[in-house]
Amino acid sequence: MSTFSPFSKMQLLPQEEKLEITKHKSELFIGIPKETSYQERRICLTPDAVSSLTSHGHRVMIEAGAGESSSYSDKEYSDAGAEVTNDPKKVFSCPIILKVEPATLPEIEMMNPQTIIISAIQLKTQRKTYFEALATKRITALAFEFIKDEDGSYPAVKSLSEIAGIASIHIAAELMINQNIGKGLLFGNITGVPPTEVVILGAGTVAEYAARTALGLGASVKVFDNSITKLRRLQNTLNQRIFTSTIQEKSVLKALRRCDVAIGAMRGKNRTPIVVTETMVEHMKKGAVIVDVSIDTGGCFETSEVTTHERPTFIKNNVIHYCVPNIPSRYSKTASLSISNIITPFLLQIADDGGIESAIRCNRGLKNGIYFYHGLLTNKSIADWFNLEHRDINLIVF
């Protein structure tokens, strides 16, 4: 009786063993140019991070004065093993460019074809010409905002949101005591004096850290968000029960009438929804403070208008408004340390894996960060936003 086999005679013959090709470590050559964007004071790598990279045999070239606004001198960088140059063209000719802000068109012009650029993308401020310029030079680009961690969260977005959340309360505390515009109130809880009342719109990372800081100072906190799950998670992470509510005009207005500080920490898909109308702001106390952290994506107070770090506030309806986009840049050294600590392990991993090509095969979080691959747009949300063609990176890299 013959046995039926699902394999052919050829498949049953001994096969040649196929082994995985061993990874070869690659040496990185990283260029860090000086930030030219308005109000940008941060830098991607601290001298300690540079030292860590150079001790692994990598080269780092930095433009003179790039770290000054984060209180890092050129000497600290050169002592850490970086090459310091006055020529931005030299820096932009490096195979890997590290920036905080997205590259400008003249900067892309200075880059060599096939360069790898790692920076923020700030989608809402970008134009179509930026992506066309990247395509022309066949550049591979990674965005901080898109890089994922093992748990699926976005580490860069999270840590900058943490800074913005804590900072929003510190800023409000400063504005409350300001002699010219504030009411001379201390942010906190003094025996026999009613505590500072804070209203936070949103229940994400910014809201969590703002609430944590306000509670630490003894304030009474009310949080509004339309996601019950987020509100529940917030109460659990804060380890205490606070006032939480969904966003209903009546309850928000009631809270705003009594509050000393209102923090806008909402996020929308394209634009932040306006939750507080001008009429609601008119009902707020004289000298109350609004810190609209969500001004980066339009702001959730109708009265919000973009301000600068130099002139951060304006008064409307007797309410102090602080609407500076990019709050973390005000705390440039803390923000730089935060960005540096997130990026350095990724850079060392790219080198250990043998370059960006094999690194994105091994690391899905890093692959998620890529929005341009050798001049091809690989991010669907960017393609939809700008009406451009895109390719699925999983079909190009596998």
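Residues numbered from 1 in each chain as written. Predicted model: local features only at pLDDT ≥ 70, side-chain atom pairs only at ≥ 80, totals over all residues. Heavy atoms only, no water.

Some remarks on the state of the cysteines
One pass over the full model with this rule turns up zero disulfides. Left without a disulfide partner, Cys 44 is nearest to the cysteine sulfur of Cys 94, which lies 13 Å away. We classify Cys 44 as buried; its relative accessible area is 2%. (Disulfide = S-S within 2.5 Å. Buried < 20%, exposed > 50% of the residue type's maximum accessible area, 1.4 Å probe, protein only.)

Thoughts on unusual backbone geometry
The phi dihedral of Gln 114 is positive, around 65°, even though this residue is not glycine. You can see Gln 114 is positioned in the loop between helix 5 (105–110) and strand 5 (116–119). Assessed through its relative accessible area of 37%, Gln 114 is described here as partly exposed. The phi dihedral of Asn 387 falls on the positive side, at around 60°, and the residue is not glycine. Positionally, Asn 387 belongs in the loop between helix 15 (380–386) and helix 16 (393–396). (Helix = DSSP H or I, 4+ residues; strand = E, 2+ residues; numbered from the N terminus.)

With respect to the domain arrangement of the protein chain
You can read the domains of the protein chain as domain 1 (29–146 + 332–395) and domain 2 (157–330). Just the C-alpha atoms count here: the centres of domain 1 and domain 2 sit 33 Å apart. Residue-level contacts link 15 residues of domain 1 with 15 residues of domain 2. Of the roughly 1,200 Å² buried where domain 1 meets domain 2, counting both sides, 47% is carbon and sulfur surface. Contact with domain 2 buries area across many residues of domain 1, yet Gln 39, Arg 41 and Lys 124 alone supply 42% of it, more than any other trio. Summed over the shared surface of domain 1 and domain 2, the number is one salt bridge. Along the contact surface separating domain 1 from domain 2 lie nine residue pairs in polar contact (both at pLDDT 80 or more). (Domains from an automatic or database assignment. Contact = heavy atoms within 4.5 Å. Buried area = accessible area lost by both parts, 1.4 Å probe. Salt bridge = Lys/Arg side-chain N within 4 Å of Asp/Glu carboxyl O. Polar contact = N/O pair within 3.5 Å; in protein donor to acceptor, adjacent residues only side chain to side chain.)

Quick look at the pattern of salt bridges
A full pass over the atoms with the stated rule returns 12 salt bridges. Two residues, Glu 83 and Arg 59, come together in a salt bridge whose shortest N-O distance is 2.9 Å. With Glu 83 in strand 3 (residues 83–85) and Arg 59 in strand 2 (residues 59–63), this residue pair connects regions lying 24 residues apart in the sequence. Overall, the relative accessible area of 41% leaves Arg 59 in the partly exposed class. For the salt bridge of Lys 285 with Asp 260, the shortest nitrogen-to-oxygen distance reads 3.0 Å.

Things to note about the packing of aromatic side chains
Counted under the stated rule, the structure contains eight aromatic pairs. Aromatic side chains Phe 131 and Tyr 371 sit 6.5 Å apart centroid to centroid with 85° between the ring planes, which places their arrangement in the edge-to-face category. Placement of the pair is Phe 131 in helix 6 (residues 128–136) and Tyr 371 in strand 14 (residues 370–373), with a sequence separation of 240 residues. When sorted by exposure, Phe 131 lands in the same class as Tyr 371, which is buried. A centroid spacing of 6.3 Å and a plane angle of 15° characterise the contact between Phe 131 and Phe 372, whose relative ring orientation is stacked. With a gap of 241 residues between them, Phe 131 in helix 6 and Phe 372 in strand 14 connect regions that are remote in the sequence. Owing to a relative accessible area of 3%, Phe 372 belongs among the buried residues under this scheme. Members of the aromatic cluster, connected to one another through ring pairs, are Tyr 130, Phe 131, Phe 146, Tyr 371, Phe 372 and Phe 386. Geometry around Phe 29 places Arg 59 over its ring, the cationic atom sitting 3.9 Å from the centre. It is Lys 222 that lies over the ring of Phe 243; its NZ or CZ is 5.0 Å from the centre. (Phe/Tyr/Trp six-rings, centres within 6.5 Å; stacked < 30°, edge-to-face > 60°. Lys NZ or Arg CZ within 6 Å of the ring centre and 35° of its normal.)

Some details on the sheet that holds strand 14
In space, the eight strands of this open sheet follow the order 3-2-1-4-5-6-14-15, with mixed pairing throughout. The sheet is open, and its two edges are formed by strand 3 and strand 15 (376–377), each paired on a single side. Strand contacts of helix 6: strand 6 (140–143) and strand 14, with the helix running at about 50° to strand 14, the strand carrying the most contacts. (Pairing = 2+ DSSP bridges. Axes fitted to C-alpha atoms, helices over the stretch in contact; angles between N-to-C directions.)

Digging into the sheet that holds strand 11 (residues 289–292)
As summarised here, the arrangement of the seven strands in space is 9-8-7-10-11-13-12, forming an open sheet in which the pairing is mixed. Two strands lie at the open edges of the sheet, namely strand 9 (243–245) and strand 12 (313–316), each paired on one side alone. Neighbour-to-neighbour, the strand axes of the sheet open up by a mean angle of 20°, direction not taken into account. As paired strands, strand 12 and strand 13 (residues 319–322) are joined by four bridges and run antiparallel to one another. Within strand 13, the position partnered with Lys 316 by the bridge is Val 319.

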